[in-house]
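Take a look at the letters that make up each chain.
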Amino acid sequence: MRSIVLGFALFIAVSGCTGSTATPAGAPTAADAKKFIDEANETTLKLGTESNQASWVSENFITDDTSALSAHANQRAIDAGARYAKDAVKFDHVDGDPTLRRELNLLKVSLVMATPSDPKEGEELTKLAADMDGEYGKGKWCEDPQKPQSCLDINKITDIMRESRDEKKLRQVWEGWHTISPPMRPQYARFVELSNKGAKELGFPDTGAMWRSKYDMPPDAFSKELDRLWDQVRPLYLKLHAYVRMKLREKYGDVVPANGPIPAHLLGNIWAQDWTNVYSLVAPPNLDRGFDLNKILMNRKISPIDMVKTGEHFYTSLGFAPLPKTFWERSLFVKPQDREVVCHASAWDIDNVDDLRIKMCIRPNEEDFTTIHHELGHNFYQRAYKDQPVLLRDSANDGFHEAIGDTIALSVTPEYLVKIGLLDKAPDSSRDIGLLLNKALEKIAFLPFGLMIDQWRWKVFSGEVKPADYNKAWWDLRLKYQGVAPVSARGEEFFDPGAKYHVPGNVPYTRYFLAFILQFQFHRALAQAAGCNLPIHRCSIYESAEAGKKLNTMLAMGQSKPWPEALEAIAGTKQMDATAILDYFKPLDAWLDEQLKGKPVGWQ
Ligand SMILES: [Zn+2]
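Numbering of residues starts from 1 in each chain and follows the order in which that chain's sequence is written. Side-chain atom pairs in this predicted model are given and counted only at pLDDT of 80 or more, local residue features only at pLDDT of at least 70, and totals for whole chains, interfaces and linings cover all residues. To get the side-chain values, take all heavy atoms of the structure and skip hydrogens and water.

Enquirer: How would you sum up the environment of Ser110? Please name residues and give values.
Expert: We count a stretch as a helix when DSSP gives it H or I for four or more residues in a row; a strand needs E for two or more, and each element gets its number in order from the N terminus. If you trace the backbone, Ser110 turns up in the loop between α4 (98-108) and α5 (119-138). Sequence separation between Ser110 and Val341 is 231 residues, and the spatial gap between their C-alpha atoms is 30 Å.

Enquirer: Just give me the short version of the pairing of strand β6 (residues 356-359), but keep the residues and values in it.
Expert: Burial classes: relative accessible area under 20% of the type maximum marks a residue as buried, over 50% as exposed, and values in between as partly exposed (1.4 Å probe, protein chains only). Here β6 shows no split at all, with Leu356 and Ile358 on one side and Arg357 and Lys359 on the other all buried. The pairing of strand β5 (residues 346-349) with β6 spans 4 bridges and is antiparallel. Looking at β6, one finds that Trp348 is bridged to Arg357. When DSSP finds two or more bridges between a pair of strands, those strands are recorded as paired. Between β5 and β6, which pair antiparallel and follow one another directly, the connecting turn spans 6 residues, one of which, Asn352, has a positive phi of 60 degrees.

Enquirer: Go over the side chain of Lys359, please, and point to the residues and values.
Expert: Considering the arrangement of structural elements, one finds Lys359 in strand β6. A polar atom in the side chain of Lys359 sits 3.2 Å from the side chain of Glu59. If sequence neighbours within four positions are ignored, Lys359 has contacts with Trp56, Glu59, Asn60, Leu332, Val342, Cys343, His344, Ala345, Ser346 and Trp348. Polar contact criterion, stated in full: a pair of N or O atoms within 3.5 Å, where within protein one must be able to donate a hydrogen and the other to accept it, and residues adjacent in sequence count only if both atoms are side-chain atoms. When checking whether two residues touch, look at their non-hydrogen atoms; a contact exists if any pair is within 4.5 Å.

Enquirer: An account of the pattern of salt bridges is requested, with residue identities and associated values reported.
Expert: Only one rule defines a salt bridge in this text: a Lys or Arg side-chain nitrogen within 4 Å of an Asp or Glu carboxyl oxygen. For the structure shown, the criterion picks out 37 salt bridges. The residue Asp92 makes a salt bridge to Lys108 at a minimum N-O spacing of 2.7 Å. Of this pair, Asp92 sits in the loop between α3 (64-88) and α4 while Lys108 sits in helix α4, and the two are 16 residues apart along the sequence.

Enquirer: Lay out the state of the cysteines with the relevant residues and their values.
Expert: Cysteine sulfur atoms that come within 2.5 Å of each other are treated as a disulfide pair. A full pass over the atoms with the stated rule returns 3 disulfides. Disulfide partner of Cys343: Cys361, at an S-S distance of 2.1 Å. Between Cys343 and Cys361, the S-S torsion sits near -80 degrees, and that sign places the bridge as left-handed. Pair noted here: Cys343 is in the loop between α14 (325-330) and β5 and Cys361 is in the loop between β6 and α15 (366-384), with a separation of 18 residues, a long-range link. Disulfide partner of Cys532: Cys539, at an S-S distance of 1.9 Å.

Enquirer: I'd love a proper account of the coordination of the zinc ion, names of residues and values included.
Expert: On the protein side, the zinc ion has His374 (NE2), His378 (NE2) and Glu402 (OE) as donor atoms, found 2.1 to 2.3 Å from it. In primary-sequence terms, the residues that donate to the zinc ion follow H-x3-H-x23-E. Placement of both His374 and His378 in helix α15 is noted, with a separation of 4 residues, approximately one turn of the helix. With respect to class, His374 is no different from His378; both count as buried. Donor criterion used throughout: N, O or S atom within 2.8 Å of the metal, extended to 3.2 Å for Na, K and Ca. Water excluded; incomplete-looking sites may result.

Enquirer: Residue-level account of the layout of surface pockets, with values.
Expert: Any empty space left between atoms is shown by rolling a water-sized probe over those atoms. The rule is simple: put a 1 Å grid over the protein atoms alone, call a set of points where a 1.4 Å probe fits but cannot get out a cavity, call an open set with protein on both sides within 12 Å along at least five of seven lines a pocket, and count a residue as lining if it has an atom within 4 Å of a point. Grid points are joined across faces, edges and corners, and a volume is the space filled by probe spheres set on the points. Considered as a void within the structure, the second largest pocket measures approximately 190 Å³ in volume. Looking at the lining of the second largest pocket residue by residue, the class counts come to 6 nonpolar, 2 polar and 5 charged. Gly counts as polar in this scheme, as do all residues outside two lists: the nonpolar Ala, Val, Leu, Ile, Met, Phe, Trp, Tyr, Cys and Pro, and the charged Asp, Glu, Lys and Arg.

Enquirer: Outline the environment of Ser51, supporting the account with residue identities and numerical values.
Expert: Along the chain, Ser51 falls in helix α2 (residues 30-60). As for Ser51 and Leu100, which are separated by 49 residues in sequence, their C-alpha atoms are 25 Å apart.

Enquirer: Help me get a handle on the packing of helix α18 (residues 432-462) against helix α24 (residues 586-595), residues and values and all.
Expert: One way to put it is that α18 packs onto α24 with a least axis distance of 9 Å and a crossing angle of 95 degrees. With respect to their mutual orientation, α18 and α24 come out roughly perpendicular. Judged by residue contacts, Ile433, Leu436, Leu437 and Ala440 of α18 engage Pro587, Leu588 and Trp591 from α24. Residue composition of the contact of α18 with α24, grouped by class: 7 nonpolar, no polar and no charged. To define axes, lines are fitted to C-alpha atoms, for helices over the stretch in contact only, and angles between the resulting N-to-C directions are given on a 0 to 180 degree scale. Oblique is the label for every angle not falling under 35 degrees (roughly parallel), over 145 degrees (roughly antiparallel), or within 65 to 115 degrees (roughly perpendicular).

Enquirer: Would you mind going over α5 in detail, with residue names and values included?
Expert: With 20 residues, α5 should cover 28 Å at 1.5 Å per step; its first-to-last C-alpha distance of 28 Å lies within 8% of that length. Turning to α5, its buried residues number three or more, namely Glu121, Gly122, Leu125, Leu128, Ala129, Met132 and Tyr136. Here the buried residues of α5 occupy an arc of 125 degrees about the axis, which is enough to place them on one side. Among the exposed residues of α5, those pointing more than 90 degrees away from its buried face are Pro119, Lys120, Glu123, Lys127, Gly137 and Lys138. Given a helix with a known number of residues, its expected span is that number minus one, times 1.5 Å. Along the arc lie the directions from the helix axis toward the C-beta atoms.

Enquirer: Let's hear about the side chain of Thr510: which residues, and what values?
Expert: Checked against the element boundaries, Thr510 lands in helix α20 (residues 510-529). Under the relative-accessibility criterion, Thr510 is labelled buried at 3%.

Enquirer: I'd like to hear about the packing of helix α10 (residues 219-252) against α24, residue by residue, with values.
Expert: α24 packs onto α10 with a crossing angle of 50 degrees between their chain directions and a minimal axis gap of 10 Å. On the basis of the axis angle, α10 is oblique to α24. You can see that α10 and α24 cross each other, and the crossing is left-handed. Two secondary-structure elements touch here, α10 through Leu236, Lys239, Leu240, Tyr243 and Met246 and α24 through Asp589, Trp591, Leu592, Asp593 and Gln595. In the contact of α10 with α24, the residues fall into 6 nonpolar, 1 polar and 3 charged. Two helices cross in a left-handed way if the nearer one is turned anticlockwise from the farther one by less than a right angle. They cross in a right-handed way if the turn is clockwise.

Enquirer: Describe unusual backbone geometry, listing the residues and the values that go with them.
Expert: If you check the backbone angles, Ala272 has positive phi at about 55 degrees while not being a glycine. You can see Ala272 is positioned in the loop between β4 (262-263) and α11 (279-282). For Ala272, a relative accessible area of 0% gives the class buried.

Below, the structure is given as structure tokens:
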């Protein structure tokens, strides 16, 4: 499950420019740059708000008309963002104050897709992007094309991957979903060609380099950082992989090799990116975590609004002001009976100041309880940076925004549930293994996937991987990082990357890898600030003013400083560090060593 941040980020995140860059008479001055940035801030706010309002209405009242109005408002904002990105280059040699310089630089790297200045090519690229997005959205696999009721969309595919334990059925559904993407292959190749052309016009070697340039360091240094972080957690991943493989082999037999990669269709998720759904297959008996939050929430008949109040209460216990009255009046918490809405959970900042909202169809279960904490993390971040100039109202880097709510969710410990009266008594530490194994199947299993998506795309954009090798390169990387493989040959007649939304949707993915690393680093630092001296997986920062102060200092910085400075404000170091993950999972790591004695680890 992924949620999105809407607001300013939405409209600088995509581009569809057809405007041209005019050359000014004479060299621009600092005063010109100031004027340019003032206008960019004002327009960004105005068009951003209009676009958010239109999107909110269209997602809450889905009709052809609201979709058209929303697309129109978005396009206006996107066009402006693209124009500013291109025009900012004019001020490259202007010395302004550091804030001005930062705003100019951020404008230049704000695009995810740069359209070529040739209007025909620009249009072609925009259309390709929209077409691939639409094809994915409409993607269905029909066991019998004559029978529409046999057709499965991604939600139904997801349900089967989660629930079925029938190897043949899982294989059939897995292969079925991957039939949606081969038609996208020629489109994607052309998309790469044109978007690279646009990126080059902005001075980047290719689109992948443009994406990597958003991280306040040279693109190559950023790639090395990712390798370093992955090397820190890889040994733990290998153990989790080996243990899960062993258990799946007990269940499914020889289709799971003793010491090779795990078949891609047996991990409970169509992309094998989250393994939580196979917990019941791999959990050791008598080591479950000792309580069932789903049952508790259900038995209490807790209302959606009380679930959100509980989430808000966590943040106010840290010293944050309560959410504004309008949040409660304007948010959507319950699926309406009378109309279609987009239920996918999201957090909004309509006016980029304090018109905060969430949109969710809340059900009384643990997943939604956790998601509420995640979404509110976006809202509290958004409000904390509202006093920054508009162009700096965003997270320190894109991983930070996703990490905040997850950091808070790591504090939803059994002891915390006891404190707020949801649990009578916290289970003793003998139950930690169940708790940690469950979390590892979500958090550790995701890391190599979170990394490999853009490893593939960066190679594709740079030309290192040619269209004739798209699928081979994809599976080479999935094997290298995840140790996952398809059960049947996946030749170049397929286009398996296209079966993951973020590829046809052109959404960069490294942010999720960063978010999964950062949330543990944040949690460890805040737990220390809160004076917790338990093992860190047992620490909750609930009611800690000290932790809240630290967190707020970082949130209020928004994007005004390079991210290492924001990180330093919370963690006391400018370096991302995955050792917090190792600290968190230490008991599990030792337990895995026990389980794997004499057993193969790794894959050929
Ligand atoms: Zn999110």
